[in-house]
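Chain by chain, the residues:
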Amino acid sequence: MISSAIIFSALELGFIYALVALALFLSFRVLNIADMTTDGAFTLGCAVSATFAVAGHPLLGIPAAMLAGACAGGVTAFLQTKLNIPSILAGIITNTGLYTVNLAVMGFSSNVNMMRADTLFSLLQPVLGKTFGKIIPVALIALLTGLLLALFLKTRIGLSIRATGDNPDMVRSSSINPAFTTIVGLCVANSFTALSGCLLAQSQKSVNIDIGSGMVTIALASLLIGNVFMGRRKMPLRIFGMVIGAFVFRLVYTVALRFNMPAFMLKLVSSVIVVAAISIPYLKEQLPLYKRKLA
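Residues numbered from 1 in each chain as written. Predicted model: local features only at pLDDT ≥ 70, side-chain atom pairs only at ≥ 80, totals over all residues. Heavy atoms only, no water.

## Some points on the overall build of the protein chain
- Within the protein chain one finds 12 helices and 2 strands.
- Helices (α) and strands (β) of the protein chain occur, in sequence order from the N terminus, as α-α-α-α-β-α-α-α-α-α-β-α-α-α.
- For 295 residues, the compact-globule estimate of 2.2 N^0.38 gives 19 Å, and the protein chain sits close to it at 19 Å.
- Sorting the 295 residues of the protein chain into buried and exposed places 48% on the buried side. (Helix = DSSP H or I, 4+ residues; strand = E, 2+ residues; numbered from the N terminus. Rg over C-alpha atoms; globule rule 2.2 N^0.38 Å. Buried < 20%, exposed > 50% of the residue type's maximum accessible area, 1.4 Å probe, protein only.)

This is the structure:
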């Protein structure tokens with residue numbers, strides 16, 4: 001049975017992971033780039049946030065994590081646009097290098113314990129209470145980020161980024177540098193990913209070096225589920241669909257955990273959700289044809 005505790009848990013994590021879905025929406029859907037930096041940038045955001053929190057500056061860790069994520073995206077974009085390395089390979093190279101960077105940020109330790117450190121949520125808990133001390137801040141941050149992304153994509157540089165994803169040759173003929181728009185887009189996307197990692201670290205009060213493993217799968221599942229709900233609508237609704245997709249994914253994931261599913265099965269659950277999200281729209285289109293064949 002789905003209890004209120006499961007709903008609250010899915011909402012909290014859904015809003016946090018919605019930021020990664022928004023990042024993948026910008027890079028994959030808008031820029032048409034398969035950015036594989038996501039896992040490393042997420043861990044980087046966790047590591048930077050944890051380091052600042054342990055040092056006594058949890059709020060300063062939020063912009064610092066976003067800046068670090070933007071730098072990671074900038075490296076991937078530089079490899080792709082300036083060194084002519086394919087986008088997938090550029091992301092893999094950056095993601096591999098970030099493993100060492102993340103270890104260095106964490107003081108060459110695979111774990112950082114933040115139990116004695118203040119976080120954004122512990123500072124807000126006396127005001128918002130224990131029940132809503134986490135879900136309200138992450139909800140506001142996720143929704144505000146989505147709103148800012150929608151407004152950003154309506155600006156001149158945002159429209160240029162959208163045009164770059166659609167037709168880079170046309171953008172180039174319009175005296176717009178597609179390399180610049182790619183760099184800006186990937187920097188913004190990975191800053192969202194790092195922000196998500198920052199919030200998760202401060203929520204869980206612990207970080208390990210493998211915390212970002214499989215984040216691309218989670219973000220892709222959220223993206224595709226959101227696309228099922230808000231497929232071909234206007235840009236703000238499509239962005240809002242990413243938030244819905246993240247919540248639905250985390251709800252299914254949390255329910256699977258409640259059934260005492262073994263830990264080694266959870267990656268398979270994520271893969272099944274991705275396959276279902278991809279195949280359901282296609283199966284809907286093919287359903288009339290199957291019915292005619294059966295008839």
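## What about the nonpolar core?
- Ranked by size, the top nonpolar core spans 73 residues in total, and within it Phe-25, Leu-149, Leu-153, Leu-199, Val-207 and Ile-239 carry the most contacts.
- In terms of residue count, the dominant contributor to this core is helix α1 (residues 4-30) (14 residues).
- Discounting chain neighbours no more than four positions away, the residues touching Leu-199 are Ile-16, Leu-19, Leu-120, Phe-121, Val-138 and Ile-141. (Core = buried A, V, L, I, M, F, W, Y, C linked by side-chain atoms within 4.5 Å. Contact = heavy atoms within 4.5 Å.)

## Overview of the confidence of the model for the protein chain
- On average, residues of the protein chain score 86 in pLDDT, and 96% of them reach the 70 mark or higher.
- Per-element confidence in the protein chain is highest for helix α3 (residues 61-81), whose mean pLDDT is 95, and lowest for helix α12 (residues 266-294), whose mean pLDDT is 77. (pLDDT = per-residue confidence, 0-100.)

## Observations regarding the pattern of salt bridges
- Scanning the model with the defined rule gives 1 salt bridge in all.
- Two residues, Asp-169 and Arg-172, come together in a salt bridge whose shortest N-O distance is 3.0 Å. Within this pair, Asp-169 and its partner Arg-172 are both found in helix α8 (residues 168-173), separated by 3 residues, close to a single helical turn. (Salt bridge = Lys/Arg side-chain N within 4 Å of Asp/Glu carboxyl O.)

## Side note on a nonpolar patch on the surface
- Where nonpolar side chains cluster on the molecular surface, the patch consists of Phe-8, Phe-132, Ile-136 and Leu-140 and spans about 350 Å² of accessible area.
- Along the polypeptide, Phe-8 turns up in helix α1. (Patch = residues over 30% accessible without salt bridge, like charges linked within 9 Å, V, L, I, M, F, W, Y side chains within 5 Å. Areas by Shrake-Rupley, 256 points an atom, 1.4 Å probe, with all protein chains shown as cover.)

## Some thoughts on unusual backbone geometry
- A positive phi is found at Asn-84, a non-glycine position, where the angle reads about 60°.
- Looking at the element boundaries, Asn-84 is found in the loop between α3 and α4 (87-105).
- Phi at Lys-205 takes a positive value of approximately 60°, unusual for a residue other than glycine.

## Topic: the side chain of Ser-27
- Tracing the backbone through its elements, the reader meets Ser-27 in helix α1.
- If near-sequence neighbours (up to four positions away) are discounted, Ser-27 is found in contact with Asn-32, Ile-33, Asp-35, Leu-186 and Ala-189.

## Some thoughts on the environment of Val-54
- Summarising the element assignment, Val-54 is placed in helix α2 (residues 38-54).
- On a C-alpha basis, the gap between Val-54 and Ala-142 in space is 24 Å, while along the polypeptide they are 88 residues apart.
- Beyond its immediate sequence surroundings of up to four residues, Val-54 is in contact with Val-112, Asn-113, Met-114 and Ala-117.

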